[in-house]
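Examination of the molecular architecture
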Amino acid sequence: LVAPDRPCHGLSPCPRLAGKATATTWMESLLSARAPKAKNLVVVASGRGGARQALAWAKERTSPPSLLFVNPGSALPGRPKQSPLSSVAEAKTWLEGHPGANSSPLALSDALRWASTASTLVEEADEERLSAIGLPEATKISFLYGEGEPEESDLKEELEATGLLLHHRVAAAGGALAASEALSDALAEEVLSLLSHLEDSAN
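The subject of this paragraph is the overall build of the protein chain. Helix and strand counts for the protein chain come out as 6 helices and 4 strands. Secondary structure elements of the protein chain occur, N-terminal to C-terminal, as α-β-α-β-α-α-β-α-β-α. Across the protein chain, every contact between residues at least 6 apart in sequence was considered, and the portion connecting residues at least 24 apart equals 72%. Put simply, the protein chain shows about 11,300 Å² of open surface, and 55% of that area lies on carbon and sulfur atoms.

Okay, structure coming up:
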């Protein structure tokens, strides 16, 4: 299973968390509805914030999960000082400080939506260290990076020390293969590898 963006990210809506809902309530609801009887489950999380959400969810489970972290060293962009953005001028100023948001029309629209709904976002602390403490035994986690992406070394070392790290891979582009295609191909291979590991463990 590939987990979609959590509320207020990408094209996901921004409902406020109510009552005793937790940061991973949305994910539990998704899995209950979509994969209640799944024999093998792999959760893919992108970026540092996604990895934090996946770790929080995994620590609440009794059965060991399989996780694939894509570019877990990449943090969210800084929030605009005027939160949320309320004018075109503010948007232009914010974009000047985040050139990566202009990498494609889709990235641009996604970044602007994120910045313009910042006041309703669930608070995140991307500066906090990612930790494997509390994960169920036999959890397996793989790391996948695009070329040039910063690595999450602290969590990697912790997972290696506890035997929870399955793979650590950089998707290298070459020849006619673009970086995005290389990452997509490697993503599919790593998901299949985690699924294969789950099947082998069950036998």
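Turning next to the environment of Thr139. Note that Thr139 resides in the loop between helix 4 (105-116) and strand 3 (140-146). Among the residues examined, Thr139 registers a relative accessible area of 0% and is labelled buried. For the pair formed by Thr139 and Leu164, sequence separation is 25 residues and the distance between their alpha carbons is 5.8 Å. In contact with Thr139, not counting residues within four places along its chain, are Pro64, Pro65 and Leu164. Separated by 2.6 Å, the side chain of Thr139 and the backbone oxygen of Pro136 make a polar contact.

The next subject is helix 4. For helix 4, built from 12 residues, the straight-helix expectation of 16 Å at 1.5 Å per residue is met to within 8% by its first-to-last C-alpha distance of 16 Å. Among the residues of helix 4, those classed as buried are Ala111, Trp114 and Ala115. One face of helix 4 carries all of its buried residues, which in axial projection span an arc of 95°. Those residues of helix 4 that are exposed and angled more than 90 degrees off the buried face are Pro105 and Leu106. Residues of helix 4 that are buried make contact with helix 3 (88-96).

Rules used throughout
- Residues numbered from 1 in each chain as written.
- Predicted model: local features only at pLDDT ≥ 70, side-chain atom pairs only at ≥ 80, totals over all residues.
- Heavy atoms only, no water.
- Helix = DSSP H or I, 4+ residues; strand = E, 2+ residues; numbered from the N terminus.
- Contact = heavy atoms within 4.5 Å.
- Areas by Shrake-Rupley, 256 points an atom, 1.4 Å probe, with all protein chains shown as cover.
- Buried < 20%, exposed > 50% of the residue type's maximum accessible area, 1.4 Å probe, protein only.
- Polar contact = N/O pair within 3.5 Å; in protein donor to acceptor, adjacent residues only side chain to side chain.
- Expected span 1.5 Å × (residues − 1).
- Arc of directions from axis to C-beta.

Interpretation note: all reported values are geometric properties and have no functional meaning in isolation.
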